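Coordinate analysis (summary)
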Amino acid sequence: MWGKLVHWIEIRIGLEELVNKHLRLFRTPKGANFWSTLGFVSLIAFIVQAITGIMLLLYYVPHPEYAFQSVQTITNEIPFGWFFRSIHNVGGNLIVAVIIIHLVHVFLRVSYKKPREITWVTGVLMFLLVLLACITGQLLPWHQTGFWQTTVTSTIPSFLPVIGEGISSYMRGGASVSGITLSRFFSFHVVILPVFIVALMILHVLLIRRQGLSTSPAVEPEADASPPEEFRREPHLEGHPCFPHFSVKRSFMVMFYFTVLFFILTFFPNLFLPAEANIQADPLLTPEAIRPAWYFLAPYQLIKTIPNDVMGISLVVIFSMVLLFWPFLDAKDAGRNIRKRPMLLSLGLIVLALWAIFTIWGMYS
Amino acid sequence: MERRQLLKTSLAFLGTTTLISFVYPASKFLVPPKNSAKDTPLTIDKDDIPPGTAKEIIFNEIPMVVINRKGSGFIALSRICTHLGCLVGYDKFNNKLVCPCHAGEFDLEGNVLSGPATKALLRYPLKITADDITIG
């Protein structure tokens, strides 16, 4: 029966040829390990967010008077509504974590160097857009936490001279967070940002397919790693076919992702939902402790720590720009083995350490 | 069993479990929720509907018309035309219900008089007291 079905599909689609051409003939380099699968895990995490988001849309009402109640109805009355809302909520945090680990891995492997600069730029752009999707998503349930987080987040750009007020006003659609903000954030969260993210994702994957996965500098001799002067696809004849070898690793990591997701859902269901998330937004009552999500704690604490607001926000903008265009700022002639580049390694570790310190500081300040 | 085969079998098992964990809740989630207003009776003052007139109401999210027929008393009918779902209106001059979409006509019992509809309008039971009419 199964064989007949496969044969039926094979005649019509040519699945065997498709798998051969795009998976078996596409070879992964020697040394491609579990860390190399994180881009794929991010893709799966994004698909999970898209599916659960579409499901929540069936019952969610993007209006200040009904938004909170509709989310409460989803959570408490619709069968398994709590399940899909929790997956979307926890998944939104996990996708940020997966992308951060992926970025750190690519940085430490120095995989962003020529000819992969555009791949890095599209990756960082996607990361920034995912963060924007998180910002816009936190307002939609119209609870106290989301409302005041949005108030704080949309005020921060106003510190920028000249354009700051305009950016804040554009984000909110007015002087303060209101129903107009909800409509704007809703359209950005469910349509505009996902469209841009998917477009960048297609470009990102296309570039990886065209160039081949980057080889670990620890495996590849430094002499062979010289940047090419013309387009050259890395065939990785020394490596393994993507399917089934690397696909099994990918599947394992996807399962690991789901394990973490369901572990948090089971044992820490309110990890990313503070008590104020169960209270309807009140524009006249600010809760006692309003903190941004964990991934924004570091820049938030940095802006709080630096007495000059303009300098604080400028530092965050400059850091984002440096991160985005890092492949063009890194020394062109330097090799890819980070163990032989103590300055770069130190820089990476210092930034990571500072990020961790500011995050923990922001959590307890 | 070979190591690779064991890995494949384990992944297939885990993948299927994960898929079922999504598909079963999704099938339940997609079922439309029950109408929360169900079983809440609706009461109308009799004086609101003098003989020969009708009152359009919505009960359990169903549009209805309560008609006070001269000589026959009150009746509650669904306004949803049994042809293609448009809402019929009470024509007090000709004592019938008319569908604006395809000119279907129904008598005050809900039976088809003319037009494309073949089924009678749904009729709902009423409790009539001295002052009120209660539906549901």
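Analysis parameters
- Residues numbered from 1 in each chain as written.
- Chains lettered and ligands numbered in written order.
- Predicted model: local features only at pLDDT ≥ 70, side-chain atom pairs only at ≥ 80, totals over all residues.
- Helix = DSSP H or I, 4+ residues; strand = E, 2+ residues; numbered from the N terminus.
- Rg over C-alpha atoms; globule rule 2.2 N^0.38 Å.
- Buried ≥ 20, exposed ≤ 12 C-beta atoms within 10 Å, placed from the backbone.
- Contact = placed C-beta atoms within 7 Å.
- Core = buried A, V, L, I, M, F, W, Y, C linked by C-beta atoms within 7 Å.
- Pairing = 2+ DSSP bridges.
- Domains from an automatic or database assignment.
- pLDDT = per-residue confidence, 0-100.
- Expected span 1.5 Å × (residues − 1).
- Bend = angle between axes of the 7 residues up to and from the residue.
- Axes fitted to C-alpha atoms, helices over the stretch in contact; angles between N-to-C directions.
- Parallel < 35°, antiparallel > 145°, perpendicular 65-115°, else oblique.
- Left-handed = near helix turned anticlockwise from the far one by under 90°.
- Nonpolar A, V, L, I, M, F, W, Y, C, P; charged D, E, K, R; others polar.

Topic: the overall build of chain A
- Tallying secondary structure elements over chain A gives 14 helices and two strands in all.
- For a compact globule of 365 residues, the expected C-alpha radius of gyration is about 21 Å, and chain A comes in at 23 Å, within 12% of that figure.
- Here the C-alpha coordinates of chain A stretch approximately 65 × 60 × 35 Å along the principal axes.
- Relative to its full complement of 365 residues, chain A shows a buried share of 32%.
- Within chain A, contacts between residues separated by at least 24 positions form 78% of all contacts whose residues are at least 6 apart in sequence.

Concerning the overall build of chain B
- Along the backbone of chain B there are one helix and eleven strands.
- Counted from the first residue to the last, chain B has its helices and strands arranged as α-β-β-β-β-β-β-β-β-β-β-β.
- Principal-axis analysis of the C-alpha atoms gives chain B an extent of 85 × 35 × 15 Å.
- Summarising the internal contacts of chain B: among those between residues at least 6 apart in sequence, 35% fall at separations of at least 24.

Considerations on the nonpolar core
Residues and elements named next belong to chain A.
- By size, the foremost hydrophobic cluster in this structure holds 49 residues, and its most contacted members are Ala45, Ile95, Val98, Val130, Trp142 and Tyr257.
- Contributing elements (two or more residues each) for this core: helix 3 (38–57), helix 4 (67–76), helix 5 (81–108), helix 6 (117–139), helix 7 (144–155), helix 9 (179–211) and helix 10 (242–267).
- The element that contributes the greatest number of residues to this core is helix 5, accounting for eleven residues.
- Discounting chain neighbours no more than four positions away, the residues touching alanine 45 are Gly91, Leu94, Ile95, Val98 and Tyr257.

Topic: the environment of leucine 323 of chain A
- Its location among the elements puts leucine 323 of chain A in helix 12 (residues 309–324).
- Under the C-beta neighbour-count criterion, leucine 323 of chain A is labelled partly exposed, with 17 such atoms within 10 Å.

Remarks on the pairing of strand 4 (residues 73–78) of chain B
Residues and elements named next belong to chain B.
- Pairing analysis gives six bridges linking strand 3 (residues 62–69) to strand 4, with the strands arranged antiparallel. Across the sheet, the residue bridging to asparagine 68 is phenylalanine 74, located in strand 4.
- Where strand 3 folds back on strand 4, the antiparallel hairpin that results is connected by three residues, among which glycine 71 adopts a positive phi of roughly 85°.
- Of the pairings in the sheet, the one linking strand 4 to strand 9 (residues 123–124) comprises two bridges and is antiparallel in character. What sits directly across from leucine 77, in strand 9, is arginine 123.

Observations regarding the sheet that holds strand 2 (residues 54–59) of chain B
Residues and elements named next belong to chain B.
- The four strands are arranged 2-3-4-9 in an open sheet whose pairing can be described as antiparallel. Two strands bound the open sheet, and with one partner strand each, they are strand 2 and strand 9.
- When strand 2 meets strand 3, the two strands line up antiparallel, connected through six bridges. Looking at strand 3, one finds that isoleucine 57 is bridged to methionine 64.

Some words on the domain arrangement of chain B
- Split by domain assignment, chain B resolves into domain 1 (1–31) and domain 2 (42–135).
- Taking the mean C-alpha position of each, domain 1 of chain B and domain 2 of chain B sit 53 Å from one another.

What to know about the interface of chain A and chain B
- The interface of chain A with chain B comprises 13 residues on the first partner and ten residues on the second.
- Looking at the side of chain A that touches chain B, the elements that each hand over two or more residues are helix 5 and helix 10 of chain A.
- For the side of chain A that touches chain B, the element with the highest residue contribution is helix 10 of chain A, accounting for five residues.

Section: the sheet that holds strand 7 (residues 105–106) of chain B
Residue and element names in this part refer to chain B.
- On the basis of which strands lie adjacent, the open sheet formed by four strands has the order 5-6-7-8 and antiparallel pairing. Of all the strands in the sheet, just strand 5 (89–91) and strand 8 (112–114) have a single pairing partner and so form its edges.
- Of the pairings in the sheet, the one linking strand 7 to strand 8 comprises two bridges and is antiparallel in character. By the bridge assignment, glutamate 105 is partnered in strand 8 with serine 114.

Description of the confidence of the model for chain B
- Within chain B, residue pLDDT values average 90, and 96% of them lie at 70 or more.
- On the interface metric, ipTM, the complex scores 0.72, and its pTM is 0.84.

Observations concerning helix 7 of chain A
All names here are of chain A.
- Between its first and last C-alpha, helix 7 extends 17 Å over twelve residues, near the 16 Å set by a 1.5 Å rise per residue.
- Among the twelve residues that make up helix 7, nine are buried, leaving the element largely enclosed by the rest of the structure.
- The complete set of buried residues in helix 7 reads Gln144, Thr145, Gly146, Phe147, Trp148, Gln149, Thr150, Thr153 and Ser154.
- Each element contacted by the buried residues of helix 7 is listed here: helix 6, helix 8 (164–172) and helix 9.

Some points on helix 5 of chain A
Residue and element names in this part refer to chain A.
- Between its first and last C-alpha, helix 5 extends 40 Å over 28 residues, near the 40 Å set by a 1.5 Å rise per residue.
- The largest bend in helix 5 comes to about 25°, at glycine 91.
- At the exit of helix 5 stands valine 110, carrying a positive phi of roughly 50°.

A look at the packing of helix 6 of chain A against helix 9 of chain A
Residue and element names in this part refer to chain A.
- Where helix 6 meets helix 9, the axes come as close as 9 Å, and the angle between the chain directions of the two elements is 160°. Viewed along their axes, helix 6 and helix 9 adopt a mutual orientation that is roughly antiparallel. Between helix 6 and helix 9 lies a crossing whose hand is left-handed.
- In the contact of helix 6 with helix 9, the residues fall into 19 nonpolar, eight polar and no charged.

Concerning unusual backbone geometry
- In this structure, the amide linkage connecting lysine 114 of chain A to the following residue, proline 115 of chain A, adopts the cis form with an omega of 10°.
- With respect to the helices, strands and loops of the structure, proline 115 of chain A is situated in the loop between helix 5 and helix 6.
- Going from phenylalanine 243 of chain A to proline 244 of chain A, the amide bond is cis rather than trans, its omega being 5°.
- Mapping proline 244 of chain A onto the fold places it in helix 10.
- In this model, valine 110 of chain A sits at a positive phi of 50°, which is unusual for a non-glycine residue.
- Summarising the element assignment, valine 110 of chain A is placed in the loop between helix 5 and helix 6.
- For valine 110 of chain A, a count of 22 C-beta atoms within 10 Å gives the class buried.
- Backbone geometry at alanine 103 of chain B places phi at a positive 60°, although glycine is not the residue there.

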